[in-house]
Amino acid sequence: MKQPVRPPVLPKTGELKPKRSVRGGSAAYSFMRSPTAQYAFEVGDVVEALCDHEKGSDRVRGWLKGIVVQIDNKMVAVQFRSNVFLTDGWMVPDRILWYPTNSEQIRPAGTGKKSAPVVKKSLPKDDIPDY
């Protein structure tokens with residue numbers, strides 16, 4: 001005779017149950033804490049974000065001022081006035097980058113210390129790279 005399927009019993013808040021180890025060994029505890037946002041952003045806020053951007057004729061990685069244009073439960077959209085690039089080198093046509101709300105790569109303007117941007121060598125315009 002088949003046994004009825006029972007729903008799993010969830011532990012009460014604050015209780016942790018050890019995970020069963022598949023291959024023997026010490027038991028590990030699994031738990032998560034919710035991420036805490038360091039700053040609360042609103043649409044229209046001026047922020048600084050760490051990104052690849054153009055400075056003069058060079059491409060650099062550093063802090064760039066932008067404006068918050070949209071906020072989601074998990075993400076913040078920042079629009080910049082100069083060209084910005086993805087990490088793989090593609091330019092973002094609308095100059096909007098999305099950051100997680102709890103990211104260390106976004107902060108209110110003027111709160112961080114100034115650091116020199118890292119200059120990346122740009123390719124000559126007539127040179128096509130081999131991929």
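Taken as a whole and judged by the stated rule, the model has 0 aromatic pairs. The ring of Trp63 has Arg107 sitting right over it, with the charged end atom 3.6 Å from the ring centre.

Turning next to unusual backbone geometry. A positive phi angle is found at Arg95, which is not glycine, with a value near 60°. Note on Arg95: relative accessible area 29%, which makes it partly exposed.

On the surface, Val46, Ile67 and Val69 cluster together into a nonpolar patch covering about 200 Å² of accessible area. Position of Val69 among the secondary structure elements: in strand S2 (residues 58–71). Judged by relative accessible area, which is 35%, Val69 ranks as partly exposed.

Core analysis: the biggest nonpolar cluster contains 14 residues, and Cys51, Val78, Phe80, Val84, Leu97, Tyr99 and Ile106 have the highest contact counts within it. Every element with two or more residues in this core is listed here: strand S1 (46–55), S2, strand S3 (75–79) and strand S5 (96–100). Once residues within four sequence positions are removed from consideration, Leu97 is found in contact with Cys51, Val76, Ala77, Val78, Phe80, Val84, Leu86 and Val92.

Before going further, it helps to examine the pattern of salt bridges. One pass over the full model with this rule turns up 3 salt bridges. Here Glu48 and Arg107 are joined by a salt bridge, their closest N and O atoms 2.8 Å apart. Taken as a pair, Glu48 in strand S1 and Arg107 in strand S6 (residues 106–108) lie far apart in primary sequence, 59 residues in all. On the basis of relative accessibility, which here comes to 11%, the residue Arg107 falls in the buried class. A salt bridge links Arg59 to Asp52, with the shortest nitrogen-to-oxygen separation between them at 2.9 Å.

Before going further, it helps to spend a moment on the pairing of S1. With 10 bridges connecting them, S1 and S2 associate as antiparallel partners. Looking at the pairing, His53 lines up with Val60 of S2. Connecting S1 to the next strand, S2, in antiparallel fashion are 2 residues, including Gly56 with a positive phi near 70°. The sheet contact formed by S1 and S6 spans 3 bridges and is antiparallel. Bridge assignment links Glu48 to a residue of S6, and that residue is Arg107.

Procedures and definitions
Residues numbered from 1 in each chain as written. Predicted model: local features only at pLDDT ≥ 70, side-chain atom pairs only at ≥ 80, totals over all residues. Heavy atoms only, no water. Phe/Tyr/Trp six-rings, centres within 6.5 Å; stacked < 30°, edge-to-face > 60°. Lys NZ or Arg CZ within 6 Å of the ring centre and 35° of its normal. Buried < 20%, exposed > 50% of the residue type's maximum accessible area, 1.4 Å probe, protein only. Patch = residues over 30% accessible without salt bridge, like charges linked within 9 Å, V, L, I, M, F, W, Y side chains within 5 Å. Areas by Shrake-Rupley, 256 points an atom, 1.4 Å probe, with all protein chains shown as cover. Salt bridge = Lys/Arg side-chain N within 4 Å of Asp/Glu carboxyl O. Helix = DSSP H or I, 4+ residues; strand = E, 2+ residues; numbered from the N terminus. Core = buried A, V, L, I, M, F, W, Y, C linked by side-chain atoms within 4.5 Å. Contact = heavy atoms within 4.5 Å. Pairing = 2+ DSSP bridges.

No statement about biological role is implied by the geometric values presented.
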